[in-house]
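# Results of the structural survey
Spelled out, the chains give:
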Amino acid sequence: ARRITALLCNTWCSPSSSFSSSSMPTTKLFINGKFVDSKTTKWVDIHNPATNETIGRVPEATQDEMEAAVSSCKQSFKVWAETSILSRQQIFLRYQQLIKDNLKEIAKIITLEQGKTLADAEGDVFRGLQVVEHACSVTSLMLGETLPSVTKDMDTYTFRLPLGVCAGIAPFNFPAMIPLWMFPMAMVCGNTFLMKPSERVPGATMFLAKLLQDSGAPDGTLNIIHGQHAAVKFICDHPDIKAISFVGSNQAGEYIYERGSISGKRVQSNMGAKNHGVVMPDANKENTLNQLVGAAFGAAGQRCMALSTAILVGNARGWLPELIERAKKLRVNAGDQPGADLGPLISAGAKKRVCDLVESGVKEGAELVLDGRSVRVKGYENGNFVGPTILTKVKPNMTCYKEEVFGPVLVVLETETLAEAIEIVNRNPYGNGTAIFTTNGATARKYCHLVDVGQVGVNVPIPVPLPMFSFTGSRASFRGDTNFYGKQGVQFYTQLKTITSQWNEEDATMTSPAVVMPT
Ligand code: NAD
């Protein structure tokens, strides 16, 4: 308990709030450069998923607190947008160094609140850090366009300018990476930002806010509120918020996309997934099975790019026994225990949902060839653990195929040909990611060309692009028209202003009004 309190009680978290009767560490709000206790009466408990112990509480910010946060963003925008781009860049150059210096500490908080293994939590921070590094090239990313001499003595040029106050709403599964997809890109472009982290894992965002402050970001440029539905509605409706970045489930994402759009905001909404790994019989077997097992069960399957569905094509159907053997060898343990391959699910509710979906598969005719539902982890008997689970003979009409399971469960389908596999993938409503495993270039090319999915890997199981590209999930996995990070991210957080100017050397004066449309 002392170790937990030491991890959580910091600038952004007090051992016990003066406004609460509990002695639980209490997450603060970050308003106008100050970490402040909320005056709310509504709290959400934070659990350690490995033990189900309550380790802290997060406030549902009051209306006044949320208003204060937006107002702080709005005020600071006036100065921040006029701050030179080189000064903004310098702050983010310092920020990326501070994240590197504190990477392991942030990872420990992620493991405590979210459950993933420490190595995986470090990867979570690292992938976010890469977006910050990318944001540091803002001086190139924000370049506009020019066209001289569009007519006599007339030049046209565009500026990319910030929008104003932007907001972010994040999920629980990447407590560092996903907030880092949002506020650094928005802020380096000159926007100010209101962040609402997942109420289940607020610690990493709070740590990252402190580091940003230490990097020199002026007070009010980043504000953080906490909460659930009321906070989300507030963000969707507030007239001073110009754009919303959302990552999470379809249920929330579609609602936020619609509600935010109705009130005139730009919204980018990254949502759920069902990612297929197509295994061709000519694939490198050893490599493919290891990739598949890692991508299906890593992070306990709680990645939006988890390879949760395998399609074994032709003779690759015979590889099933070896796939099962490899999955069995993974070690399930608390994320901070040495050697753990996968940790617990985020909550007891998530565990029940995953187990129910597995049961539905059995009832609907699938074969449960590896059942991790009754796994017991010594010393962590109350944790939300599920071991690697494999369902075979799965058909596209089964619930376990149609729903995103978001747990360490691999559903396996079989086809005779690549064409049948492509048809299955394209009929699935989601389009987040997919991978093909093959040693044949023509097969790989055909798959990439015909498959209707936003991110495709060839012998790469989790093809999340590096941040100089963008995260390009498609179909039911995305709403909006401009993706996260990369050039698209800059486009999302900026608007264009186009100037057309005419300068004559001899200061020509018109002799009569020009009433005809200029051509
Ligand atoms: P979630 O939708 O439950 O929560 C995300 C955020 O929305 C949280 O901040 C939460 O407070 C808020 N929220 C939750 N329910 C809401 C509702 N009904 N109305 C308004 N706001 C609501 O998602 P999660 O469980 O935290 O994350 C898992 C989901 O996120 C999975 O579906 C996963 O695929 C998806 N995800 C997608 C990507 C991607 O880039 N496509 C990345 C990571 C996670």
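Please read these numbers as outputs of a predicted model, since none were measured by experiment.

## Topic: empty space enclosed by the protein
The final tally for this structure, using the stated rule, is four cavities of 30 Å³ or more. Taken as a whole, the largest cavity holds about 70 Å³ of empty space. Taken together, 13 residues line the largest cavity, and the ones lying closest to its centre are Gly 301, Ala 306, Ser 308, Glu 404 and Phe 406. Partitioning the lining of the largest cavity into residue classes produces six nonpolar, four polar and three charged. A volume near 60 Å³ is recorded for the second largest cavity. Lining the second largest cavity are Phe 30, Gly 33, Ala 209, Leu 212, Gln 213, Ala 217, Pro 218, Asp 219, Gly 220, Thr 221 and Leu 222. By residue number, the principal contributor to the lining of the second largest cavity is helix H8 (residues 203-214), which donates three residues. The residue inventory of the lining of the second largest cavity, partitioned by class, reads six nonpolar, four polar and one charged.

## Observations concerning the pairing of strand E8 (residues 154-162)
Relative to E8, strand E7 (residues 146-151) is paired through three bridges, and the arrangement is antiparallel. The residue of E8 that forms the bridge with Thr 146 is Tyr 157. Between E7 and E8, which pair antiparallel in sequence order, lie two residues; one of them, Asp 153, sits at a positive phi of approximately 60°. Summarising the sheet, E8 and strand E24 (residues 494-502) pair through nine bridges and their orientation is antiparallel. By the bridge assignment for E24, Arg 160 is matched with Leu 496.

## Quick look at the UniProt feature "domain: Aldehyde dehydrogenase" (unreviewed entry) in the protein
Cross-referencing UniProt, the feature "domain: Aldehyde dehydrogenase" (unreviewed entry) maps to residues 35-499 in the present numbering. Across residues 35-499, the secondary structure splits into 40% helix and 21% strand, with the terminal C-alpha atoms separated by 42 Å.

## Focus: the packing of helix H4 (residues 103-114) against helix H5 (residues 118-135)
Remark: H4 packs on H5, axes separated minimally by 8 Å, with the N-to-C direction vectors making an angle of 120°. On the basis of the axis angle, H4 is oblique to H5. The way H4 lies across H5 gives a crossing that is right-handed. Contacts between H4 and H5 involve Leu 103, Lys 104, Ile 106, Ala 107, Lys 108, Ile 110 and Thr 111 from the former and Leu 118, Ala 121, Glu 122, Asp 124, Val 125, Phe 126 and Leu 129 from the latter.

## Quick word on the nonpolar core
By size, the foremost hydrophobic cluster in this structure holds 65 residues, and its most contacted members are Val 278, Ile 390 and Val 394. Here the element with the most residues in this core is helix H11 (residues 285-297); it accounts for six residues. With residues up to four places along the chain from it excluded, the contact list for Val 394 reads Ala 366, Cys 400, Tyr 401, Val 411, Val 412 and Leu 413. Grouped together as the second largest cluster of nonpolar side chains are 63 residues, Ala 135, Leu 141, Leu 208 and Ala 209 included.

## Looking at the sheet that holds strand E17 (residues 389-392)
Taking strand neighbours across the sheet as the criterion, the seven strands line up as E16-E17-E18-E15-E14-E20-E21 in an open arrangement whose pairing is mixed. The open sheet has two edge strands, strand E16 (367-370) and strand E21 (456-458), and neither has a second partner. Between one strand and the next, the sheet's axes are offset by a mean angle of 20°, whatever the strand orientation. Pairing of strand E14 (residues 276-279) with strand E15 (residues 309-313) involves four bridges; the strand directions are parallel. The partner of Val 278 across the bridge, within E15, is Ile 311.

## With respect to the confidence of the model for the protein
Counting all residues, the mean pLDDT for the protein is 96, and 96% of those residues have values of 70 or more. Below a pLDDT of 50 lies the segment residues 17-21, which in the model reaches nine contacts outside its immediate sequence neighbourhood of four places, other chains included.

## Here's the deal with the environment of Gln 337
Relative to the assigned elements, Gln 337 resides in the loop between helix H12 (320-328) and helix H13 (348-363). Among the polar contacts made by the side chain of Gln 337, one reaches the side chain of Tyr 380 at a distance of 3.1 Å.

## Some remarks on the layout of surface pockets
A volume near 1,200 Å³ is recorded for the largest pocket. Together, 45 residues line the largest pocket, and Arg 200, Gly 248, Ser 249, Gln 251 and Ala 252 are the ones closest to its centre. The set of elements that each furnish at least two residues to the lining of the largest pocket consists of helix H7 (177-188), helix H9 (229-237), strand E12 (241-247), helix H10 (250-262) and H13. Examining the composition of the lining of the largest pocket, we find that five residues originate from one element, H10, more than from any other.

## A closer look at the pairing of strand E10 (residues 192-196)
With five of five residues buried, E10 is to be regarded as a mostly interior element. Residues of E10 alternate between two faces, with Thr 192, Leu 194 and Lys 196 on one and Phe 193 and Met 195 on the opposite face, all of them buried. Bridge analysis of strand E9 (residues 165-169) against E10 gives five bridges, and the strand direction is parallel. Of the residues in E10, the one forming a bridge with Cys 166 is Phe 193. Of the crossover connections in this fold, the one passing from E9 over H7 to the parallel E10 is right-handed. Examined bridge by bridge, E10 and strand E11 (residues 222-224) share three bridges and lie parallel to one another. Within E11, the position partnered with Phe 193 by the bridge is Leu 222. Once you follow E10 into H8 and on to E11, the crossover reads as right-handed.

## Concerning the site of the ligand
Lining the immediate environment of the ligand, one finds 26 residues, of which Ala 170, Glu 199, Ser 249, Met 271 and Glu 404 sit closest. In this structure, Met 271 approaches the ligand through a main-chain N or O atom, which is 2.8 Å from a nitrogen atom. If the ligand stood free it would expose 830 Å²; the protein chains cover 90% of that surface. If you map the ligand onto the pockets, it falls in the largest pocket. When contributions to the shell around the ligand are tallied by element, the ones reaching two or more residues are H7, H9 and E12. The residue makeup of the shell around the ligand, split by class, is 14 nonpolar, eight polar and four charged.

How each quantity is defined
Residues numbered from 1 in each chain as written. Predicted model: local features only at pLDDT ≥ 70, side-chain atom pairs only at ≥ 80, totals over all residues. Heavy atoms only, no water. 1 Å grid on protein atoms, 1.4 Å probe; cavity = no way out; pocket = protein on both sides within 12 Å on 5 of 7 lines; lining within 4 Å. Points joined across faces, edges and corners; volume = space filled by probe spheres on them. Nonpolar A, V, L, I, M, F, W, Y, C, P; charged D, E, K, R; others polar. Helix = DSSP H or I, 4+ residues; strand = E, 2+ residues; numbered from the N terminus. Pairing = 2+ DSSP bridges. UniProt positions renumbered as here; feature names shortened; annotations may be inferred. Axes fitted to C-alpha atoms, helices over the stretch in contact; angles between N-to-C directions. Parallel < 35°, antiparallel > 145°, perpendicular 65-115°, else oblique. Left-handed = near helix turned anticlockwise from the far one by under 90°. Contact = heavy atoms within 4.5 Å. Core = buried A, V, L, I, M, F, W, Y, C linked by side-chain atoms within 4.5 Å. Buried < 20%, exposed > 50% of the residue type's maximum accessible area, 1.4 Å probe, protein only. pLDDT = per-residue confidence, 0-100. Polar contact = N/O pair within 3.5 Å; in protein donor to acceptor, adjacent residues only side chain to side chain. Right-handed = clockwise from strand over helix to strand, strands pointing away. Near = heavy atom within 4 Å. Areas by Shrake-Rupley, 256 points an atom, 1.4 Å probe, with all protein chains shown as cover. Sits in = over half its atoms within 2 Å of the grid points.

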